[in-house]
Amino acid sequence: MSVQDGVHAVEEIAKNTWRIDESGFVNCYLLTGKTGALLIDTGAGAGRLRETVEDLTDLPVTVVLTHGHCDHAGGTGWYPAYRIHPADRAPVYRIMSSGLAVKALLNGMKNKAPAGMTVMPEFPKKPFRAKAVSLSEEQCFDLGERLIHTISVPGHTRGSIALEDEKQKLLFTGDDINVSLWMQLPGCTTLQEWLPGGRKLLILAKDREAFGGHGSGRQSIRQMEQTVGLAEKLLGSPGLYGGRGTLTYPDAETFPQIVYRSRTLRKNRTVPA
Ligand SMILES: [Zn+2]
Ligand SMILES: [Zn+2]
């Protein structure tokens, strides 16, 4: 793994595919084909993402976001435009991915950076005010002899997507099935609405390598199974949950875990089949 700008470390995870790790906090992924490149997420905006990407490819880069949170949308300003699911252009997500939210996040990261972690540099001035372009449902990106499909998985946000490279058997899940699955934020769906997408990702991951938006990126089948299992258990056993404010199941020290609010668990009492 090589560090390009003091903030972004690059790891080749498959042929023509790189994980770009922003200070150990969040991951972007760069995929190249014969004629184009796809950048999945843009980090929180620290460092000089575009230079890191240009060190890896000369091909024209299309930017796509797995969802509209500031830790994934912070670097969009390095590019003139980015693709996002139309549901994540709603005001709640625009606020959560705004320049102010990004700045607050970077400042928080600077203050809390553990020993050994690269401290975030000052918020960089970006050349563009990037234009949001809506993805169509189940869109496909043709990178030249490499097709990347989007898969709608509403949950962590209404417009969350995963991306799939069927030929190279890779799956990029964003934040939708993380080891700590955050379902407590404004704009998260109910856990009941998340469950079909979570199950879909689990089925797809059985014969693909799955990579998520945080940590080392690698996601095991076991973790994904456990996360889906936790959701099923929560939805199937009303006695398990309760209380006010933000709750964590099974508890804050155990992983995988689901962070939620009791009122956002379900719309009705039937667990979807
Ligand atoms: Zn997120
Ligand atoms: Zn995230």
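Residues numbered from 1 in each chain as written. Chains lettered and ligands numbered in written order. Predicted model: local features only at pLDDT ≥ 70, side-chain atom pairs only at ≥ 80, totals over all residues. Heavy atoms only, no water.

Caption draft 1: Summary view of the coordination of the zinc ion (ligand 2). Protein coordination at the zinc ion (ligand 2): the donors are Asp-71 (OD), His-72 (NE2), Asp-175 (OD) and His-214 (NE2), at 2.1 Å from the metal. Counting gaps between the donor residues of the zinc ion (ligand 2) yields the pattern D-H-x102-D-x38-H. The zinc ion (ligand 1) is placed at 3.5 Å from the zinc ion (ligand 2), the two being bridged by Asp-175. Assigned by exposure class, Asp-71 and His-72 land together as buried. (Donors = N, O, S within 2.8 Å, 3.2 Å for Na, K, Ca; no water. Buried < 20%, exposed > 50% of the residue type's maximum accessible area, 1.4 Å probe, protein only.)

Caption draft 2: Up close: the side chain of Thr-66. Mapping Thr-66 onto the fold places it in the loop between strand 6 (61-64) and helix 2 (70-73). A residue is classified by how much of its surface remains accessible, and Thr-66, at 2% relative accessible area, is buried. A distance of 2.9 Å separates the side chain of Thr-66 from the side chain of His-67, its partner in a polar contact. The contact partners of Thr-66, leaving out residues within four places of it in the chain, are Ile-40, Asp-41, His-72, Gly-159, Ser-160, Ile-161, Leu-163 and Gly-174. (Helix = DSSP H or I, 4+ residues; strand = E, 2+ residues; numbered from the N terminus. Polar contact = N/O pair within 3.5 Å; in protein donor to acceptor, adjacent residues only side chain to side chain. Contact = heavy atoms within 4.5 Å.)

Caption draft 3: Representation of the sheet that holds strand 17 (residues 257-261) in the model. Spatially, 13-17-16 is the arrangement adopted by the 3 strands of the open sheet, whose pairing is mixed. Strand pairing shows two members of the sheet lacking a second neighbour, strand 13 (180-182) and strand 16 (246-249), which therefore form its edges. Between one strand axis and the next, the sheet turns through 25° on average, direction left out of account. Sheet topology note: the strand 13/strand 17 ladder contains 3 bridges and is parallel. Within strand 17, the residue paired with Leu-181 across the bridge is Ile-258. (Pairing = 2+ DSSP bridges. Axes fitted to C-alpha atoms, helices over the stretch in contact; angles between N-to-C directions.)

Caption draft 4: Region of the structure containing the coordination of the zinc ion (ligand 1). At 2.1 to 2.4 Å from the zinc ion (ligand 1) lie its protein donor atoms, namely His-67 (NE2), His-69 (ND1), His-156 (NE2) and Asp-175 (OD). Positions of the donor residues of the zinc ion (ligand 1) along the chain correspond to the pattern H-x1-H-x86-H-x18-D.

Caption draft 5: Seen up close, the sheet that holds strand 9 (residues 140-142). Strand order across the open sheet formed by 6 strands is 9-10-11-12-14-15, with mixed pairing between neighbours. Looking at the sheet topology across the chains shown, the edges are occupied by strand 9 and strand 15 (218-219). By the bridge criterion, 3 bridges tie strand 12 (residues 170-172) to strand 14 (residues 209-211) in an arrangement that is parallel. What sits directly across from Leu-170, in strand 14, is Glu-209.

Caption draft 6: Here's a closer look at the packing of helix 5 (residues 191-205) against helix 6 (residues 221-236). Remark: helix 5 packs on helix 6, axes separated minimally by 10 Å, with the N-to-C direction vectors making an angle of 155°. Here helix 5 is positioned roughly antiparallel relative to helix 6, judged by the angle of their axes. Classified by chirality, the crossing of helix 6 by helix 5 is left-handed. Mapping the contact onto sequence places Leu-191, Gln-192, Trp-194, Leu-195, Gly-198, Arg-199, Leu-201, Leu-202 and Ala-205 in helix 5 and Ile-221, Met-224, Glu-225, Thr-227, Val-228, Ala-231, Glu-232, Leu-234 and Leu-235 in helix 6. Classifying every residue of the contact of helix 5 with helix 6 by side-chain character gives 12 nonpolar, 3 polar and 3 charged. (Parallel < 35°, antiparallel > 145°, perpendicular 65-115°, else oblique. Left-handed = near helix turned anticlockwise from the far one by under 90°. Nonpolar A, V, L, I, M, F, W, Y, C, P; charged D, E, K, R; others polar.)

Caption draft 7: How the structure looks around helix 1 (residues 49-56). All buried positions along helix 1 are accounted for by Leu-49, Thr-52 and Val-53. Down the axis, helix 1 shows its buried residues gathered within 95° of arc, on one side only. Check the buried side of helix 1 and you find it contacts strand 2 (8-14), strand 3 (17-22), strand 4 (26-32), strand 5 (37-40) and strand 6. (Arc of directions from axis to C-beta.)

Caption draft 8: Structural view of the nonpolar core. Ranked by internal contacts, the top residues of the largest apolar core, which has 27 residues, are Leu-191, Trp-194, Ile-258 and Tyr-260. The set of elements that each furnish at least two residues to this core consists of helix 5, helix 6, strand 16 and strand 17. Of the residues forming this core, the biggest block, 7 residues, is contributed by helix 5. Beyond its immediate chain neighbours, meaning those up to four positions away, Ile-258 contacts Leu-181, Met-183, Leu-191, Thr-227, Leu-230, Ala-231, Leu-247, Thr-248 and Tyr-249. Counting residues in each nonpolar core, the second largest holds 17 residues, with Trp-18, Leu-49, Leu-65 and Ala-73 among its members. (Core = buried A, V, L, I, M, F, W, Y, C linked by side-chain atoms within 4.5 Å.)

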